[in-house]
Number of protein chains: 2
Amino acid sequence: MSISLHPLTGIGEIHPGDDLAFIIAQALTAAGLPPQPGDVLVVTQKIVSKAEGRFVDLAAVTPGAEALRLAELTRKDPRLVELVLAESAAVVRAVPNVLITRHRSGHVMANAGIDRSNTGTGAGELALLLPQDADAAAAALHAALAAHLTPVPAIVISDSFGRPWRYGVTNVAIGAAGFPSLVDRRGDTDRDGRILEVTQIALADMVASAAGLAMGEAAEGVPAALVRGLALPGTPLPAAALVRPLSEDLFQ
Amino acid sequence: MSISLHPLTGIGEIHPGDDLAFIIAQALTAAGLPPQPGDVLVVTQKIVSKAEGRFVDLAAVTPGAEALRLAELTRKDPRLVELVLAESAAVVRAVPNVLITRHRSGHVMANAGIDRSNTGTGAGELALLLPQDADAAAAALHAALAAHLTPVPAIVISDSFGRPWRYGVTNVAIGAAGFPSLVDRRGDTDRDGRILEVTQIALADMVASAAGLAMGEAAEGVPAALVRGLALPGTPLPAAALVRPLSEDLFQ
């Protein structure tokens, strides 16, 4: 009845074109974790992006006028800002040292999730974008893993986000497949027969945070974890189901 | 090397004045979970509030002018709004069906965390406030558990919060003792020797979400879980360390 979180060590540096499904299936076998029903495999966006070859050479980026303006405001590299704008649907906040946007996937995060640390290149002039479509990447990984594992684990692709009003990042889900990212409890009653007021659970975000504990605080080094023992309720929903449209935002 | 999450079943309805430490120690023993180093006990705010007797009879609440105004705007019970205002330092957002405030603890949440569902009374006219001081309650529970358990587990008191821009709630920490709620990685380098850009980890929030998986999606019924196998880094910090002052908020 307990849930267990297993870091998947032994995944080496990932390069563009690598077969993630094969590498992960090997790592699960090496870890002595043959698949069980209800397993959820949580993978950091970084290795998915690397396998997709989402590297951009900053030296090849020419910032436009808006990028130059925001770079001066935020004190960031104008080439990085150009990439952020190209990946984003809207700028949420731009002040010194802070550039928060709504990524074209709908997720709101700093720098459109673009990473300059630990891209595995050692060059320092490369940026790593988010996967092209993290839900599609999760679905593709889910399908490819079916050739190696039975039953095939559900997939969650995680990233670490800051939050308004709270210090520190937590891991959240930006992609999912075969997994109920959002679980709707509306209409359920509690033990006293009252209608529950808190009614939608961001299960994929909670699983991403749980897996983050196993991967280590920096999410560097161990890029995947297996979550075992969950009872997965409801209908599979991609991580896009977690995105609340700006027009419905409760906090703004 | 894996982490395990154990729901603590067998904790019955909690009443004002109950000895939570004794009840939890009994539940851990009954569950066959003698304490181990690194254990973290996650407890929902609801049973801490119940043990503190934080019930308020709504029939005895007289709403003031500001509560009446906000109740009309939010279409909420004016007596509930009066309690929310009394528990809050500032109103963050008030629109139909939504009342988000900064609780006097600093945490930003809906309805100041006041709960009308499943207070265990069946009466329907009672509201349950957050613990008087959740960090102090965690410290008191930590100290009281030391009489029953060696080594004594770290304590995290959890609640479920909504978030801007994302559907669904996740569990976060509003109290902690003996636990590094915020882990500072500033200055650490990644595998390429770059300074890490993501540098503060909200470990207590991640642990709260992980425990929430074991407690069940509604956090009803199973009000505590043991998290086992974490390597707890850094200095113990209360959940107050997670509160970002409004003046420093990056998203507004």
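As the structure is a prediction and not an experimental result, all values here were calculated from the model.

The rules behind the values
- Residues numbered from 1 in each chain as written.
- Chains lettered and ligands numbered in written order.
- Predicted model: local features only at pLDDT ≥ 70, side-chain atom pairs only at ≥ 80, totals over all residues.
- Heavy atoms only, no water.
- Axes fitted to C-alpha atoms, helices over the stretch in contact; angles between N-to-C directions.
- Helix = DSSP H or I, 4+ residues; strand = E, 2+ residues; numbered from the N terminus.
- Left-handed = near helix turned anticlockwise from the far one by under 90°.
- Contact = heavy atoms within 4.5 Å.
- Nonpolar A, V, L, I, M, F, W, Y, C, P; charged D, E, K, R; others polar.
- Pairing = 2+ DSSP bridges.
- Domains from an automatic or database assignment.
- Buried area = accessible area lost by both parts, 1.4 Å probe.
- Salt bridge = Lys/Arg side-chain N within 4 Å of Asp/Glu carboxyl O.
- Polar contact = N/O pair within 3.5 Å; in protein donor to acceptor, adjacent residues only side chain to side chain.

Relative orientation of the contacting elements helix H6 (residues 203-215) of chain A and helix H6 (residues 203-215) of chain B amounts to 115°, with a least axis distance of 8 Å. Considering the relative orientation of H6(A) and H6(B), their crossing is left-handed. Two secondary-structure elements touch here, H6(A) through Leu203(A), Met206(A), Val207(A), Ser209(A), Ala210(A), Gly212(A) and Leu213(A) and H6(B) through Leu203(B), Met206(B), Val207(B), Ser209(B), Ala210(B), Gly212(B) and Leu213(B). Partitioned by chemical class, the residues of the contact of H6(A) with H6(B) number ten nonpolar, four polar and no charged.

Time to look at the sheet that holds strand E6 (residues 108-110) of chain A. The strands making up a sheet are joined through hydrogen bonds of the backbone, oriented either antiparallel or parallel. Residue and element names in this part refer to chain A. Read from one edge of the open sheet, three strands run E4-E5-E6, paired in antiparallel fashion. With partners counted over all chains shown, the strands left at the sheet margins are strand E4 (88-95) and E6, one partner each. When strand polarity is set aside, the average angle formed by the axes of neighbouring strands in this sheet is 25°. As paired strands, strand E5 (residues 98-103) and E6 are joined by three bridges and run antiparallel to one another.

All names here are of chain A. Each domain of chain A was delimited in the assignment, giving domain 1 (1-53 + 131-243) and domain 2 (55-129). Taken together, the contacts link 16 residues of domain 1 with 16 residues of domain 2. Roughly 1200 Å² is buried in total at the junction of domain 1 and domain 2, and carbon and sulfur atoms are behind 51% of that figure. Broken down residue by residue, the surface that domain 1 buries against domain 2 is led by Lys50, Phe161 and Val243, which jointly contribute 34%. On the surface where domain 1 and domain 2 come into contact, there are one salt bridge. Our enumeration of links across domain 1 and domain 2 arrives at four residue pairs in polar contact (both at pLDDT 80 or more).

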